[in-house]
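Letter by letter, the chains look like this.
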Number of protein chains: 2
Amino acid sequence: MNKRLKNFLAPILAVSVLAASGYALAQQAPKPETLIKWRQSVFQVIAWNSGRIKANVDGQYNKEEVIKAANTIAALSKSGLGSLFVPGTEQGKGWHDTAAKAEVFKDTAHFDELGAAFSKEAVELASVAANGDQAAVKAQFGKLGRSCKACHDDFKSKD
Amino acid sequence: MNKRLKNFLAPILAVSVLAASGYALAQQAPKPETLIKWRQSVFQVIAWNSGRIKANVDGQYNKEEVIKAANTIAALSKSGLGSLFVPGTEQGKGWHDTAAKAEVFKDTAHFDELGAAFSKEAVELASVAANGDQAAVKAQFGKLGRSCKACHDDFKSKD
């Protein structure tokens, strides 16, 4: 497909996918750059909360702080983040150029699978944070980190 | 306080507040621009999820979609977002110049109060989304929107 045709089709495809995912056609569908901003924002909020948990498991432990952070990551992992990676957003700039590899849009089954694995570990971390001690949280936080890395290895550009 | 002294003190103040809020001194405290990016990201994720709920209450209703979105907003409202508005971040650029008014850092009691009101409505919306119908969600979503606006009126710059 030539670039001009691709640029013409991208927003149409994005609108169709968003309509199917609950956005009313009557409502203005978000632009590709908005969708990219939103997904970049989700990962920033995950980074904020991962940093809080890391500070707590490596230093002085504040249970309430860890519960808030773990619950936030768990909710984001179940938010339907995958729906922000729609056709038309393979390339483009949100806050910065997207770091999504082309594979995200080609191997959606594997992308969804790693997303589900991340969510499983995040939900488990929220559960451990509510009931467990610093050592238990540290162990589960390690598992969560490995699920992040697995997905970044396959689907996040290193540039 | 002159500007040079203020610039010198800002990161020291930020480190002190972050240390008190659970960041170990041993760990590098996030820079003011990082904290501003994180809070701007939180509001973007809230915007994404508010848009999804609006699309569903105004158009075709997908209960699972609304539950995900409402749970995400509720978790963010309880995440401790206020801790990202620390001394040293009154001005500055995250993804863009901060829209926080000076009042955020002067009248923290009122800021916290409006934050708690927002969280109350967000948690209630998650509860209504789980059990209620489109009309009930629409009514509660209206209440949530008014709690957003109340805080923006007092604490968010319009520029």
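Residues numbered from 1 in each chain as written. Chains lettered and ligands numbered in written order. Predicted model: local features only at pLDDT ≥ 70, side-chain atom pairs only at ≥ 80, totals over all residues. Heavy atoms only, no water.

### Side note on the relation of the copies chain B and chain A
Two chain copies here: they are related by a rotation about an axis and a translation along the same axis. Screw-axis analysis of chain B against chain A gives a translation of 0.0 Å along the axis, an RMSD of 0.0 Å, and a rotation angle of 180°. The operation mapping one copy onto its partner corresponds to a two-fold rotation axis. The rotation axis passes nearest to the C-alpha of B:S41 in chain B, at a distance of 2.2 Å. Mapped onto chain A, 100% of the interface residues of chain B again fall at the interface, so both copies present the same surface. (Least-squares fit on C-alpha atoms with pLDDT ≥ 70 in both. Contact = heavy atoms within 4.5 Å.)

### What to know about the confidence of the model for chain A
All names here are of chain A. Of all residues in chain A, 82% have pLDDT values of 70 or greater, and the mean over the chain is 88. The secondary-structure element of chain A with the lowest mean pLDDT is helix α1 (residues 3–20), recorded at 49, while helix α2 (residues 32–58) shows the highest, at 98. In the predicted complex, the global pTM is 0.86; the interface-specific ipTM is 0.85. (pLDDT = per-residue confidence, 0-100. Helix = DSSP H or I, 4+ residues; strand = E, 2+ residues; numbered from the N terminus.)

### Observations regarding helix α6 (residues 134–155) of chain A
Since there are 3.6 residues in each turn of an α-helix, residues three or four apart along the chain are aligned in direction. All names here are of chain A. With 22 residues, α6 should cover 32 Å at 1.5 Å per step; its first-to-last C-alpha distance of 31 Å lies within 8% of that length. Every buried residue of α6 is accounted for by V137, Q140, F141, L144, S147, C151 and F155. Seen end-on, α6 carries its buried residues on one side only, within an arc spanning 115°. Opposite the buried face of α6, by more than 90 degrees, sit the exposed residues A135 and R146. Check the buried side of α6 and you find it contacts α2, α3 (63–77), α4 (103–106) and α5 (108–131). (Expected span 1.5 Å × (residues − 1). Buried < 20%, exposed > 50% of the residue type's maximum accessible area, 1.4 Å probe, protein only. Arc of directions from axis to C-beta.)

### Structural notes on the packing of aromatic side chains
For the structure on display, the rule yields seven aromatic pairs over all chains. Connected via pairs of aromatic rings, a cluster forms that spans A:F85, A:F105, A:F111 and A:F155. The ring centre of B:W95 lies 4.6 Å from the NZ or CZ of B:K37, which sits over that ring. (Phe/Tyr/Trp six-rings, centres within 6.5 Å; stacked < 30°, edge-to-face > 60°. Lys NZ or Arg CZ within 6 Å of the ring centre and 35° of its normal.)

### Notes on the nonpolar core
Ranked by size, the top nonpolar core spans 70 residues in total, and within it A:I53, A:V137, B:I53 and B:V137 carry the most contacts. Apart from residues no more than four positions distant in its own chain, B:V137 is found in contact with B:I53, B:V57, B:Y61, B:V66, B:L125, B:V128 and B:A129. (Core = buried A, V, L, I, M, F, W, Y, C linked by side-chain atoms within 4.5 Å.)

### Here we look at the side chain of A:S147
Structurally, A:S147 can be placed in helix α6. Apart from residues no more than four positions distant in its own chain, A:S147 is found in contact with A:A117, A:F118 and A:E121.

### Let's talk about the packing of helix α2 (residues 32–58) of chain B against helix α6 (residues 134–155) of chain B
All names here are of chain B. Contact geometry for α2 and α6: axes closest at 9 Å, N-to-C directions at 135°. Considered as vectors, α2 and α6 are oriented oblique to each other. Seen along the crossing, α2 lies across α6 with a hand that is left-handed. Facing S50, I53, K54, N56, V57 and D58 of α2, the residues of α6 in contact are Q134, V137, K138 and F141. For the contact of α2 with α6, the class distribution of residues is four nonpolar, three polar and three charged. (Axes fitted to C-alpha atoms, helices over the stretch in contact; angles between N-to-C directions. Parallel < 35°, antiparallel > 145°, perpendicular 65-115°, else oblique. Left-handed = near helix turned anticlockwise from the far one by under 90°. Nonpolar A, V, L, I, M, F, W, Y, C, P; charged D, E, K, R; others polar.)

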